[in-house]
Amino acid sequence: MLDIINITAPIFIIIALGYLCVRFKVIDAKHAKGMGSMVMNVALPALMFNAIADTPFREVILPHYLIT
């Protein structure tokens with residue numbers, strides 16, 4: 001259980017910090033929307049590519065998933 005909390009807690013802390021920054025006008029809401037679209041369009045695909053690139057090919061391509 002502690003492992004799950006250690007993995008998910010930083011994600012929820014970052015979400016809360018983002019909410020508080022917009023709520024207390026540290027960051028303008030328009031800028032937060034721009035940062036969110038940059039994360040979804042650039043950072044997340046780059047993170048996924050990096051994770052897949054570091055994984056051995058036999059673990060990435062699983063024939064039973066492709067057949068399904």
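Residues numbered from 1 in each chain as written. Predicted model: local features only at pLDDT ≥ 70, side-chain atom pairs only at ≥ 80, totals over all residues. Heavy atoms only, no water.

### Here's the deal with the overall build of the protein chain
Part 1: Looking only at helices and strands, the protein chain has four helices and zero strands in total.
Part 2: Expected size for 68 residues packed as a compact globule is a radius of gyration near 11 Å; at 17 Å, the protein chain overshoots this value by more than 25%.
Part 3: Going through the 68 residues of the protein chain one by one, you find that 0% of them count as buried.
Part 4: Where the 5 positive side-chain charges of the protein chain centre and where its 4 negative ones centre are 19 Å apart. (Helix = DSSP H or I, 4+ residues; strand = E, 2+ residues; numbered from the N terminus. Rg over C-alpha atoms; globule rule 2.2 N^0.38 Å. Buried < 20%, exposed > 50% of the residue type's maximum accessible area, 1.4 Å probe, protein only. Lys, Arg positive; Asp, Glu negative; His and termini not counted. Charge placed at Lys NZ, Arg CZ, Asp CG, Glu CD.)

### So, helix 1 (residues 2-23)
One full turn of an α-helix is made of 3.6 residues, so residues set three or four places apart face in the same direction.
Part 1: Look at helix 1: 30 Å from first C-alpha to last across 22 residues, which is about the 32 Å you get at 1.5 Å a residue.
Part 2: Along helix 1, the helix axis deviates most sharply at Thr-8, where the bend reaches about 35°; the proline Pro-10 sits within four residues downstream.
Part 3: Burial of helix 1 is sparse: only zero of the 22 residues sit out of reach of the surface.
Part 4: Looking one or two places after helix 1, you find Lys-25, whose phi comes out positive at around 60°. (Expected span 1.5 Å × (residues − 1). Bend = angle between axes of the 7 residues up to and from the residue.)

### Points about the confidence of the model for the protein chain
Fine structural detail should not be taken from predicted coordinates in areas where pLDDT scores are low.
Part 1: This prediction gives the protein chain a mean pLDDT of 88; 100% of its residues lie at or above 70.
Part 2: Ranking the elements of the protein chain by mean pLDDT puts helix 3 (residues 57-60) last with 82 and helix 1 first with 90. (pLDDT = per-residue confidence, 0-100.)

### Quick look at helix 2 (residues 29-53)
Part 1: If you check helix 2, its first and last C-alpha atoms are 35 Å apart, about what 25 residues at 1.5 Å a residue would give, namely 36 Å.
Part 2: Along helix 2, the helix axis deviates most sharply at Val-39, where the bend reaches about 40°.

### Here's the deal with a nonpolar patch on the surface
Part 1: The grouping of Met-38, Val-39, Met-40, Val-42, Leu-44, Leu-47 and Met-48 at the surface amounts to a nonpolar patch, some 660 Å² of accessible area in total.
Part 2: Among the secondary structure elements, Val-42 is positioned in helix 2. (Patch = residues over 30% accessible without salt bridge, like charges linked within 9 Å, V, L, I, M, F, W, Y side chains within 5 Å. Areas by Shrake-Rupley, 256 points an atom, 1.4 Å probe, with all protein chains shown as cover. Salt bridge = Lys/Arg side-chain N within 4 Å of Asp/Glu carboxyl O.)

### Considerations on unusual backbone geometry
Part 1: Phi is positive for Lys-25, which is not a glycine, with a value near 60°.
Part 2: Residue placement: Lys-25 occurs in the loop between helix 1 and helix 2.
Part 3: Judged by relative accessible area, Lys-25 falls into the exposed class, the value being 71%.

### Quick notes on the environment of Ala-29
Part 1: Along the chain, Ala-29 falls in helix 2.
Part 2: The class of Ala-29 is partly exposed, set by a relative accessible area of 48%.
Part 3: Expressed as a C-alpha distance, the spacing of Ala-29 and Leu-62, which sit 33 residues apart in the sequence, is 42 Å.

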